[in-house]
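Observations on chain architecture
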Amino acid sequence: MSINKGLPVTIVTGYLGAGKTTLVNNALRKANGLKLAILVNEFGSLAIDEDLIISQDENMISIAGGCVCCSYGNDLLLSLMELAKLDPKPNHIILEASGVAIPSAIETSISLIEECYVESIVALVDAEQIRDQLSDKYVADTILAQIQSADLIFANKIDLVKNLSDFNYWASNSPPLDSCICVFHSNIELDVLLGVKRVGESNPQSPHINEFWSKTYIPSAPLDPKAFAELLSGSDLKLVRTKGYVRGTDGKTYLIQTVGHRYYIDLSAELKEPGVVLIGSKSSKHESEVLENIGELSEKSDI
Amino acid sequence: MIVIYSAKKIITMNPAKPIASYVAVKDGKVLGTGNLEELQKWGEFRLDTTFEDKIIMPGFVEGHAHTMEGTFWRYVYCGFFDRMDPDGNTWSGAKTIDTVVQRLKEAESKLTDPEAPLSGWQLDPIYMDNKRVSCKDLDKVSSTRPIGVLHASGHIMNVNSKALEIGGLMKTGINHPGIPLDEDGYPTGELYGPDAMTPIGVHVGFNRSMTDSDEQGLVAFGKLCVRAGVTTVTDLAARLTEDGVDSMLRITNQESYPATVVPLKVFLGATPKETVDLAVSLKKKTTDRLKLGRIKAVADGSIQGFSARMRWPGYYNGAPNGLWYTAPDQLSELYRLALEAGVQVHTHTNGDEATEMALDMLEGALKANPSPDHRFTLQHCQLADLAQFRRMKKLDMCVNLFANHHFYWGDEHYRLTVGPDRALRMNACSTALTTGVPMAIHSDAPVTPLGPLFTAWCAVNRITASGRVQGEAEKIAAKDALYAITLGAAYTLHMDNEVGSIETGKRADFAVLEDDPYSVDPENLKDVKVWGTVQGGRIFDAKSL
C-alpha cells in the first residue's frame, strides 16, 4: 500500500475504561514540538492544563505548542476535513473512537476523503476486564470486532492483573490477543503510537523507548522493498513498528513503514542512506535474534 | 375576560365529565366544561360560536417528532404518498422515478444561481418495485448543479454526477460498503449511511446541523401542527446549542406561535454528567411554549438499515447484527445521574436486544437511585415482546410505539428484515395496554407525516402499505388510540397535569375537528378533517395560517 498524501490518522479504539483518554492525555503531554490534532467524541475527561489553553470554542481547544483538540459529535468526516484545513497543518491526527465504534468502518469512511488516511488502528483493552467483556452478552461482539481490526493491541492496566501468568496463558491462546503488548497507565511512547517521526532527517537513530526495544537495521545490499516490508510486518518477527529507507534492486530509494501487519511502501524523492528503525516489545522476538533473522531471511529468500 | 365556546360536541377525556357542549376559557386555561348555565356563573363572559358545528377534542400531543420537517419543506418533496405542506397544499405522491425527475426539473428551472444545490427529500424506491435510482437519473435534471435527494428513512441519499464530482467521489477504486459501484466502476450515486452521506451531503444542502430546524423551519413546523390538530410537540433529538435554544425561545415566544415545543437534548458528543448538567440548567429556561430539561439517548440504529441490535436469531435475511450507538455502560451512567438529578430520559431502541439492554441498565440504575414516577420512556421500541413489556411495567417505564412505521415499512419487515413472526408483533400496542405500560404512539415526522389521527388509524387497523392487516392481535380500539395521542403522550412527557384533557386548570389546548372520531368507522379515522386548533386559548384556523 502506498501512502496517501493526506494527514496520517491513528485511530485509537477500545471499550469504555480501556484507557483511551489517558493515552490521549499522555500524547498531549509528550508532544514535544509535534503538532498533534486530537479528535475525541467528547471533551469530558481530557485533562488539559488551563494555562496551556490558548483558545476554546464549542468544538475546538487550541493548546500552546501547536496541538489542538476537537470534539466531533456526529460528524467525524467533516471534523477531519476541517482539521486538514488548519494552518499550520497538524503533523498527525489521533482519533479517539467512541467505546462502541468499529474502527474498520471508520477507516473505510476516512478512505472517502482525500484530506487524511489511516496510518494505523491501535486498540486498547482493559487487561483486568477483557476476559469478562469478551463474554458480555451486549458488547462481546463489538469489542472483538474492535481488536480484530487493530494493527496493534495493547493490554493496558496490566499492573492490576492479579495473576499475570494466567493472563498471559489465556491471551496467548485467544487470538488476536496473542500478539497484545502489555502496558500500564496507557504509557505508550509516541514513536510507538504514531511511528518514528525523526527517521530520515539525519542518520537513523534508534529511539530509547520504555517497555520497548529499538534497533536500527542497515541492509547490506539492495532488496525487494515489498518482500522486505512483508517480512517486517509478518507474524514471524512480531515487530511493533518499523520505519526507514532501503535501496531497491531497481536502484531507487524507498520509504518503508510497518505497524503490526500493515505496511506502506513509497518511492522516496531523495536519495537516502539505507537504514530501518525497528521497534519491538517483549512479545516480539529478542532484538538480537530479530536482527539475525532479518539478515538470514534476507539472504535466503533473495530479498 | 372569560370566553365560552360552544361546540357540537366536546370530548374532554375527563372521566368525571366526558362530554360537554360548552367550554369556558380564561387566561389561556380551561375554567370548566358543561352547559351554559353551569359556566356563566364564573362571571362576565363572551360567547364564541366559531366552533358551533365542530367537534372539540383535547389538543393532540405528538411525543416523537423532529421539527426539521419544517426546514425540509423548502426542499423538493419526492415522496411516494400524498403529503400536505405547511401552507396547506397537498403534494401528490411521485409514483415513478420519472415523476421525481420531472418534479426536480420544475424546481431547478426556478433557481437563478447556476451553482446553487438542489435538494429533495422523502424518496422511497421501496414502493417503486425497489427500482434503484442512480446518478444518471438525477443527471437528467442538471449536470452542472449538485443535486441530492434524501430517502424517507433518512439513511440513504441519491446524488447526481456533479455532486459526486464536487465531493471527490467521481472516481473508480472506491471500496466502501455504503457506496455501491456501477459496472463501469464509478459510484452509482446511492449513498448508504451517514458516513457515506456526509462528505457529499454538505454540497447538496444537507449539512451538519440538519437535525436542527432553523427559525423559518420552526415557523413552518408550527403550521403543520395546526393542520394536524397538534398543540404540543416534541423535537426528539435536538442538539440544543446555545444559539439553537435562543432561536427556539425567540420563535416560540412570538404571540402567533401555535404550539408548545418540547425539545429533548440528544446524548451525543458529551459525557453523561455534562449532558445531565446541561439538562438541569436548561430546565430553568423553560417557558409556556418551550419545555426544556429532558434528554434523548439512542441505543441502536434502524431495523430497515440493519443497524438495530437484534436478539437471537437476528435478521431474517441473515444480515449481521446492528450497531450500538451508545455503550451500555454509558447509558447506565446517564440513567443513574439523570435519576439522581430528576431529569427524564427517553431512549431510542429499535431492535429487541437494544430494548433488553436499556431495561437492564435502568433496572441497575433504579436500584442505585430508586425514583418514584420517573417515567423513563422507550421510543420506537418496535420489536419488544411480551416479557419485555412486563419488565417495562415493573420498572415503571413508559413506551412510545411507532405505529406509522407499521403502515409504511411493515411489508418490508415481514418479507425481509425480521420475518413474519416478529413482524406480526411489531409496535405491540395491545400488549402495552394489557400489561399496563403507559403508552403513546408516534409519527417520527419527518420520517412519516405528522398527523396523530393517521397514527391512531395505524394502531387501530394495522394495515400495511400493500393493504394487508399485519398482526390482528395487536390492534387496539379507537378510544385507546385516541387516548394515546392525547393523555397517553402527555403522560410520557410528565405533562398530563397541564395538557391532554379538557378540564379545569389545564391549558386551553383543543383540536378542532369536522367529524367525531369516536363515531366514525375506525377504518376512516385517518379521514377525519382537522379545522385547526386552539392553543393556550388562542384560535388557529388552518385555512388562514
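The paragraphs below set out a description of the structure included in this document. (Residues numbered from 1 in each chain as written. Chains lettered and ligands numbered in written order. Predicted model: local features only at pLDDT ≥ 70, side-chain atom pairs only at ≥ 80, totals over all residues. Heavy atoms only, no water.)

Moving on: the overall build of chain B. Along its length, chain B carries 17 helices and 23 strands. The C-alpha radius of gyration computed for chain B amounts to 23 Å, which stays within 12% of the reference 24 Å derived for 545 residues, consistent with globular compactness. Projecting the C-alpha coordinates of chain B onto the three principal axes gives extents of approximately 80 × 55 × 45 Å. Residues classed as buried in chain B amount to 61% of the 545 residues present. Nonlocal contacts in chain B, meaning residues at least 24 apart in sequence, comprise 72% of its contacts between residues at least 6 apart. Here chain B displays about 20200 Å² of accessible surface, and carbon together with sulfur accounts for 52% of that area. Where the 57 positive side-chain charges of chain B centre and where its 68 negative ones centre are 2 Å apart. (Helix = DSSP H or I, 4+ residues; strand = E, 2+ residues; numbered from the N terminus. Rg over C-alpha atoms; globule rule 2.2 N^0.38 Å. Buried < 20%, exposed > 50% of the residue type's maximum accessible area, 1.4 Å probe, protein only. Contact = heavy atoms within 4.5 Å. Areas by Shrake-Rupley, 256 points an atom, 1.4 Å probe, with all protein chains shown as cover. Lys, Arg positive; Asp, Glu negative; His and termini not counted. Charge placed at Lys NZ, Arg CZ, Asp CG, Glu CD.)

Turning our eyes to something else, we now look at the pattern of salt bridges. Residues and elements named next belong to chain B. Applying the stated rule across the entire model yields 45 salt bridges over all chains. Where R309 meets E353, a salt bridge forms, and the shortest distance between an N and an O atom there is 2.8 Å. Taken together, the residues span a long stretch of sequence, with R309 in the loop between β16 (294–298) and α10 (328–341) and E353 in helix α11 (residues 352–368) at a distance of 44 residues. Where R507 meets D509, a salt bridge forms, and the shortest distance between an N and an O atom there is 2.5 Å. On the basis of relative accessibility, which here comes to 14%, the residue R507 falls in the buried class. (Salt bridge = Lys/Arg side-chain N within 4 Å of Asp/Glu carboxyl O.)

The next subject is empty space enclosed by the protein. All names here are of chain B. The tally for this structure, following the rule as stated, stands at one cavity of 30 Å³ or more. If you add up the space inside the largest cavity, you get close to 110 Å³. Along its surface, the largest cavity is lined by 15 residues, and Y77, F81, R83, Q122 and Y408 are the ones closest to its centre. Of the residues contributing to the lining of the largest cavity, the split by class is nine nonpolar, three polar and three charged. (1 Å grid on protein atoms, 1.4 Å probe; cavity = no way out; pocket = protein on both sides within 12 Å on 5 of 7 lines; lining within 4 Å. Points joined across faces, edges and corners; volume = space filled by probe spheres on them. Nonpolar A, V, L, I, M, F, W, Y, C, P; charged D, E, K, R; others polar.)

Before going further, it helps to examine the sheet that holds strand β19 (residues 398–401) of chain B. All names here are of chain B. What the eight strands build is an open sheet, ordered β6-β14-β15-β16-β17-β18-β19-β20; its pairing is parallel. Each edge of the open sheet is held by one strand with a lone partner, namely β6 (60–62) and β20 (439–441). Taking the axes of each pair of neighbouring strands and ignoring which way they run, one obtains an average angle of 20° across the sheet. In this sheet, strand β17 (residues 344–349) lies alongside β16 in parallel orientation, the contact comprising five bridges. Looking at β17, one finds that V298 is bridged to H348. (Pairing = 2+ DSSP bridges. Axes fitted to C-alpha atoms, helices over the stretch in contact; angles between N-to-C directions.)

What follows deals with the layout of surface pockets. All names here are of chain B. By volume, the second largest pocket is sized at about 950 Å³. Surrounding the second largest pocket, 26 residues form its lining, M84, R227, L450, F454 and K526 being those nearest its centre. Elements supplying a minimum of two residues to the lining of the second largest pocket: β8 (83–84), α7 (215–228), α13 (403–417), α16 (452–461) and β22 (530–535). Of the residues belonging to the lining of the second largest pocket, the class tally is 15 nonpolar, two polar and nine charged.

Moving on, we get to the side chain of N160 of chain B. Residues and elements named next belong to chain B. In this fold, N160 is placed in the loop between β12 (156–159) and α5 (161–166). Among the polar contacts made by the side chain of N160, one reaches the main-chain carbonyl oxygen of S142 at a distance of 3.0 Å. At a separation of 3.0 Å, a polar atom in the side chain of N160 contacts the main-chain amide nitrogen of A163. For N160, the contacting residues outside a window of four places in its chain are C135, L138, D139, S142, R145, P146 and I147. (Polar contact = N/O pair within 3.5 Å; in protein donor to acceptor, adjacent residues only side chain to side chain.)

Residue and element names in this part refer to chain B. Taken N-terminus to C-terminus, the directions of α13 and α16 make an angle of 70°; their axes are 7 Å apart at the nearest point. Taken together, the axes of α13 and α16 lie roughly perpendicular to each other. Residues A403, N404, F407 and Y408 of α13 touch α16, and the partners they reach there are F454, T455, W457, C458 and A459. In terms of residue class, the contact of α13 with α16 is built from seven nonpolar, two polar and no charged. (Parallel < 35°, antiparallel > 145°, perpendicular 65-115°, else oblique.)

Moving on, we come to the sheet that holds strand β13 (residues 262–267) of chain A. Residue and element names in this part refer to chain A. Spatially, β10-β14-β11-β12-β13 is the arrangement adopted by the five strands of the open sheet, whose pairing is antiparallel. At either margin of the open sheet sits one strand with a lone partner, and together these are β10 (213–217) and β13. Averaged over all pairs of adjacent strands, the angle between their axes in this sheet comes to 15°, without regard to strand direction. As defined by bridge partners, strand β12 (residues 253–259) adjoins β13 across six bridges and the pair is classed as antiparallel. Across the sheet, V259 pairs through a bridge with R262, a residue of β13. Strand contacts of helix α8 (residues 225–232): β10, β11 (241–247), β12, β13 and β14 (275–280), with the helix running at about 20° to β12, the strand carrying the most contacts.

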